Amino acid sequence: MADEILRLEGLKVHYPIRSGFWNRVTDNVKAVDGVDLNLKQGETLGLVGESGSGKSTLGKVIVGLEDMTEGDLIYQNEDLNSAAERRRVKYNKDVQMIFQDSLSSLNPRKTIYEIIAEPIRNFDPMDPVDEDKRVRELLDIVGLPQRTVFQYPFQFSGGQRQRIGIARALATNPRLIVADEPVSALDLSVQAQVLNFMKKIQKELGISYLFISHDLGVVRHMTDNIAVMHHGRLVEKGTREDIFENPQHIYTKRLLAAIPSVNVSERAENRARRKQIEQEFDDRFNEFYDGEGMPLPLVQLSETHYAALPKQSEKE
Amino acid sequence: MRKKLKIKENVGNGGLLKRTMIREFKKDSLARYSLYTLIGILLVVFIGALFIPRASYVDVNIIDQYLAPMTDGHILGTDNGGHDIIAMLLVSARNSLVIALAVTFITFVFGTILGTITAYYGGKVDMIIMRMTDFIMILPVLMIIIVLVTIVPKYNAGTLIILMSAFYWIGTMRLVRSRVLTESQRDYVKASKTSGTSDIKIMFREILPNITSLLIAEATLSFAGNIGLETGLSFLGFGLPAGTPSLGTMINEATNPETMTAMPWTWVPAAIVILIVVLSIIFVGQALRRVADQRQSV
Amino acid sequence: MWKVIIRRLLIMIPQLFILSVMVFMLAKMMPGDPFGGLIGPNTDPKQIEALREAAGLNDPWWQQYINWIQNAFHGDFGMSYTMKQPVTTLIGSRMVNTFWLSLLAMILTYLLAIPMAISAARREGSWWDRVLLIYNSVTFGIPAYVVYLLFIFIFGFTLGWFPTGGTVSPSATGFFPVLMSKIYHMILPAVTMALLGTTAIFTYLRSGILDEQGQDYVKTARAKGVTENRVFSRHILRNALLPIAANFGFVITGLLGGAIFAETIFGYPGLGQLFITAITSRDYSVITALILFNGLLALFGAMLSDIIMAIVDPRIRIE
């Protein structure tokens, strides 16, 4: 079994809601509410869920863009809960991010060279000749022509910009990259290109991905293990086969049923099944969620498979 | 042809801004002529004022008081101190422009730094500063400045600059704050954070370059406003001290109905200079603002 | 809505406190005191000292502040030592003039700005729209006092169309002639102020209309076959006018600041002119009272704006 590089324990991110006459904190939005997760070297973990499920917030906590309210972030057996600790060990040299909106994630006033060199200058300063060499090498890796190095982001297509974002993320030889919906803003034809490319560099460089997406088709293509998130908690996690072939939680089943099928002849059948699963989700909601509508704690089903199932079905 | 275009695109961002500006000024002839006028006036005023001896606008010469234009070699006549109007215009315009420039500079530097920091960090400090500026915005600022002008000991041009700046940085600060706030939401700021760039660098090297064109446009327009403010205060008699003439002090001759009607040459030229300068600045500023808007949409 | 309004009212309390402290500090910074003028070669310094003691000028500053505030609450701002009148009476008589002039100027401003904004927005991008945009950026940017001077020089002194000072002609007798004469005296300053003051309303309303025009509900209404005029008056204009209603309070805020130049130049005896006279003669009790009064007016204006907004904007109303 590969080495574990990152572990989250009981991670919570709560945002206070202020209301009432005196604007006091009356409640919390529980964006992430007690998540345990681990990532191994070289693995791709898919994090799926609907928008607002807290998956993006979780990703931001992992790269250090968001502070956690409670819990532990353990990177290579070291507790790195505060920004100061992460800065000390140059955490972001190892943990990088690829953003959804490639245009917004590249500063429009900077050249490609400056964009890619930014993390190098901060984490791994080298003399200008080496730096230039490294930037050009990265352009090579992501398959962009050398002459683009002094161009500006708006001169590129969406797919090319996403490659630039990847080159920046790769600049310091990271060990984990959090990819937050990296292809959902791209055209379908370009999506596959970028995804395959991400897989290729993973094989070559041995990087782990935390792949955040709402698109299960993409997730199936990319990941080894999958965690399903709903209402800020994990409802099911396991290997790709566990999730796709043997889903246990009603929410996972519902997500899977929503994948459009290309097979026209089974359209009526698919629709009927979808309806049935929707029905089941509504009927059994109270079984699978507690009184406040929050998912139940995870229960281990097999060595790899966990699901937030009610107590009685555990006995069955 | 195509190749040439590519190379041009690679010139750099400074080149890009310059080209957008040149295009805008080529398209808008009003802005173009305003720019020429403005440059012309600035050159004439700053070079011309160098050749005016101090005595000729400080010393009072009662014999030459209120000479009509074209008498004794005074092309535009003289004022109540017997000073040549043209000499007065050059020195006054220089003084007024320098004061307005200084105030614009101070308010923009201060407002930009404070606005950027509060918007970037947000939170309680931001809220407190916003409440404070909300409050100052509704105060009768003009009255307070006038009162302070009259009670500050050892009052001079520097004091006036400080007093004006003390109240007028707020507009800049609020403008910068709102723009930095939207800019901070963009992912490149997050990317810079995960790239290990320090907050100071992110604020001033990443975010600010994205709003410089806007700042240039707004600073230009605020420059026009500051000319109006200084000359207005001087006109009322609460601006530049005696011995440092301003376009406003020249216009002050018009407060006396007799000089206003019988000796219009004492104040009308100064009024016209103010109008021309301010209008040119406004038209240039409008064009710059359009440039900033275009760049925003890139 | 009530919660918003009450909260807004409560914000006034610290604001009023800070304002009063500021004005008090400003007053304390002003040189001299009411008894400075009594000092002559024959006065006994001890006598002055006794007067000061009796007036509480030797008390600690907070005691003086409390006294000052109490007096201010009772409308007692002392005497104007140049005009030999209680400050309150003086301000009261001048306020009437400023009020009517400002009211007329404000009405004219709205009468000018609203049609300008509507005609510009309905033909966005046309030469007429451009002319109005340039007009409004010019009138916003040029120093108003220069225009006031040129206007009174041209229309008052040179052409003689309008009086050049005062509020009423001394020869006017009887209710109607006096009224007409008063209006006649206000026309030139009010029109000039209105011509220069349209920018804020024009810009807000124009961009408001343009924003609303692009909204989906407007497209829906058009698609349903509602006539263009009806879409405009029933949907677009109604929504775009909301911020203008709220802007009303801020008009009050800027009232006296603008009046300083206008009243001085047009020789109109209102509060602005009084302020300049008081400053020139170092009549500090009048100055202090005017700043406090204007500050209060501004605070209430801003509050009024926020409350109007809370009432007309359903997003705040229904909370």
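Everything quoted here is computed from the prediction, not taken from an experiment.

Colleague: I'd like a description of the packing of helix 4 (residues 87-122) of chain C against helix 8 (residues 199-213) of chain C, backed by residues and values.
Modeller: Residues and elements named next belong to chain C. Their axes nearest at 8 Å, the elements helix 4 and helix 8 cross at an angle of 35°. Read as a crossing pair, helix 4 and helix 8 show a hand that is right-handed. Together, Thr 109, Tyr 110, Ala 113, Ile 114, Met 116, Ala 117, Ile 118, Ala 120 and Ala 121 of helix 4 and Ile 201, Phe 202, Leu 205, Arg 206, Ile 209, Leu 210 and Gln 213 of helix 8 make up the contact between the two elements. Per-class residue counts for the contact of helix 4 with helix 8 are 13 nonpolar, 2 polar and 1 charged.

Colleague: Break down the environment of Pro177(C) for me, with residues and values.
Modeller: All names here are of chain C. Mapped onto the elements of the fold, Pro 177 is located in helix 7 (residues 175-196). With a relative accessible area of 39%, Pro 177 lands in the partly exposed category. Once the C-alpha coordinates of Pro 177 and Trp 62 are considered, the two residues, 115 residues apart in sequence, prove to be 52 Å apart.

Colleague: Lay out the sheet that holds strand 11 (residues 299-300) of chain A with the relevant residues and their values.
Modeller: All names here are of chain A. The strand order 6-7-8-3-9-10-12-11 describes an open sheet built from 8 strands, whose pairing is mixed. At either margin of the open sheet sits one strand with a lone partner, and together these are strand 6 (95-98) and strand 11. Here strand 11 pairs with strand 12 (residues 306-307) via 2 bridges, running antiparallel. Each residue of the ladder has a partner; that of Val 299, found in strand 12, is Ala 307.

Colleague: With reference to specific residues and values, describe the interface of chain B and chain C.
Modeller: Taken together, the contact pairs 38 residues of chain B with 43 residues of chain C. Carbon and sulfur atoms supply 89% of the area that chain B and chain C bury against each other, a total of about 3,300 Å² over both sides. When the buried area of chain B at its contact with chain C is split by residue, Phe135(B), Ile138(B) and Met143(B) rank highest and sum to 21% of it. Between chain B and chain C we count 1 residue pair in polar contact (both at pLDDT 80 or more) in total. Of all the secondary-structure elements, those providing two or more residues to the side of chain B that touches chain C are helix 6 (123-138), helix 7 (141-151), helix 11 (212-236), helix 12 (247-251), helix 13 (257-262) and helix 14 (268-297) of chain B. A total of 9 residues in the side of chain B that touches chain C trace back to one element, the largest contributor, which is helix 14 of chain B.

Colleague: An account of the domain arrangement of chain C is requested, with residue identities and associated values reported.
Modeller: Residues and elements named next belong to chain C. Each assigned domain of chain C is listed here: domain 1 (2-73) and domain 2 (87-312). Relative placement of domain 1 and domain 2: their C-alpha centres are 34 Å apart. In this complex, domain 1 contributes 16 residues to the contact, which on the side of domain 2 involves 15 residues. Interface area, domain 1 with domain 2, both sides summed: about 1,300 Å², of which 88% is carbon and sulfur. Taken together, the connections running from domain 1 to domain 2 amount to 1 residue pair in polar contact (both at pLDDT 80 or more). Of all elements in the fold, only helix 1 (2-29) and helix 3 (61-73) reach the threshold of two or more residues within the side of domain 1 that touches domain 2. With 12 residues, helix 1 is the largest single contributor of residues to the side of domain 1 that touches domain 2. Per-class residue counts for the side of domain 1 that touches domain 2 are 13 nonpolar, 2 polar and 1 charged.

Colleague: For the UniProt feature "domain: ABC transmembrane type-1" (unreviewed entry) in chain B, give the residues involved together with the corresponding values.
Modeller: Residues annotated in UniProt with the feature "domain: ABC transmembrane type-1" (unreviewed entry) correspond here to residues 93-285 of chain B. With 80% helix and 0% strand, residues 93-285 of chain B has end C-alpha atoms that lie 20 Å from one another.

Colleague: An account of the UniProt feature "transmembrane region" (unreviewed entry) in chain B is requested, with residue identities and associated values reported.
Modeller: All names here are of chain B. Cross-referencing UniProt, the feature "transmembrane region" (unreviewed entry) maps to residues 33-52, 97-123, 135-152, 158-176, 207-229 and 267-288 in the present numbering. The span residues 158-176 shows a helical share of 100% and a strand share of 0%, and its end C-alpha atoms are spaced 26 Å apart. Helix makes up 83% of residues 207-229 and strand 0%, and the two end C-alpha atoms of the span are 31 Å apart.

Colleague: Explain the nonpolar core residue by residue, including any values.
Modeller: It is characteristic of soluble globular proteins that their nonpolar side chains tend to be buried jointly. In this structure, Ile146(B), Ile251(B), Trp267(B) and Phe275(C) are the most contacted members of the largest nonpolar core, which totals 123 residues. With 13 residues, the single largest contributor to this core is helix 13 (residues 284-312) of chain C. Residue assignment places this core across two domains, with domain 1 (2-73) and domain 2 (87-312) of chain C each supplying three or more. If we skip the residues at most four places from it in the chain, Trp267(B) touches Met250(B), Ile251(B), Glu253(B), Ala254(B), Thr259(B), Met260(B), Leu149(C), Leu150(C) and Phe153(C). In this structure, Val135(A), Leu139(A), Ala169(A) and Leu195(A) belong to the second largest nonpolar core, which totals 54 residues.

Colleague: Can you break down unusual backbone geometry residue by residue, with the values?
Modeller: Negative phi values dominate among residues other than glycine, just as trans dominates among peptide bonds. Residues and elements named next belong to chain A. The backbone of Asn 173 sits at a positive phi, close to 50°, despite the residue not being glycine. Its location among the elements puts Asn 173 in the loop between helix 6 (158-170) and strand 7 (176-180). Backbone geometry at His 231 places phi at a positive 50°, although glycine is not the residue there. Residue class for His 231 comes out partly exposed when judged on its relative accessible area of 33%.

Colleague: Give me the lowdown on helix 9 (residues 187-194) of chain B, citing residues and values where you can.
Modeller: Within helix 9 of chain B, 6 of the 8 residues are buried, which leaves the element mostly enclosed by the surrounding structure. Taken residue by residue, helix 9 of chain B has Asp187(B), Tyr188(B), Val189(B), Ala191(B), Ser192(B) and Thr194(B) as its buried positions.

Colleague: Hey, could you go over the packing of aromatic side chains for me, with residue numbers and the actual values?
Modeller: Ring pairs (aromatic) are described by centroid distance and by the angle formed between their planes. In the structure shown here, the tally under the stated rule is 22 aromatic pairs over all chains. Ring plane angle 75° and centroid distance 5.4 Å describe the contact between Phe24(C) and Tyr65(C), whose orientation is recorded as edge-to-face. One end of the pair, Phe24(C), is in helix 1; the other, Tyr65(C), is in helix 3, with 41 residues separating them in the sequence. The pair formed by Phe24(C) and Tyr65(C) is uniform in burial state, with each residue classed as buried. Pairwise contacts between aromatic rings join Tyr251(A), Phe281(A), Phe285(A) and Tyr289(A) into one cluster.

Colleague: Can you explain a positive patch on the surface? Please cite residues and give values.
Modeller: All names here are of chain A. Together, Arg 267, Arg 271, Arg 273, Arg 274 and Lys 275 give the surface a local cluster of positive charge. Relative to the helices and strands, Arg 267 is located in helix 11 (residues 267-288). In this structure Arg 267 comes out as exposed when scored by relative accessible area, which is 56%.

Reading the values: rules and limits
- Residues numbered from 1 in each chain as written.
- Chains lettered and ligands numbered in written order.
- Predicted model: local features only at pLDDT ≥ 70, side-chain atom pairs only at ≥ 80, totals over all residues.
- Heavy atoms only, no water.
- Axes fitted to C-alpha atoms, helices over the stretch in contact; angles between N-to-C directions.
- Helix = DSSP H or I, 4+ residues; strand = E, 2+ residues; numbered from the N terminus.
- Left-handed = near helix turned anticlockwise from the far one by under 90°.
- Contact = heavy atoms within 4.5 Å.
- Nonpolar A, V, L, I, M, F, W, Y, C, P; charged D, E, K, R; others polar.
- Buried < 20%, exposed > 50% of the residue type's maximum accessible area, 1.4 Å probe, protein only.
- Pairing = 2+ DSSP bridges.
- Buried area = accessible area lost by both parts, 1.4 Å probe.
- Polar contact = N/O pair within 3.5 Å; in protein donor to acceptor, adjacent residues only side chain to side chain.
- Domains from an automatic or database assignment.
- UniProt positions renumbered as here; feature names shortened; annotations may be inferred.
- Core = buried A, V, L, I, M, F, W, Y, C linked by side-chain atoms within 4.5 Å.
- Phe/Tyr/Trp six-rings, centres within 6.5 Å; stacked < 30°, edge-to-face > 60°.
- Patch = residues over 30% accessible without salt bridge, like charges linked within 9 Å, V, L, I, M, F, W, Y side chains within 5 Å.
- Areas by Shrake-Rupley, 256 points an atom, 1.4 Å probe, with all protein chains shown as cover.
- Salt bridge = Lys/Arg side-chain N within 4 Å of Asp/Glu carboxyl O.
- Lys, Arg positive; Asp, Glu negative; His and termini not counted.
- Charge placed at Lys NZ, Arg CZ, Asp CG, Glu CD.

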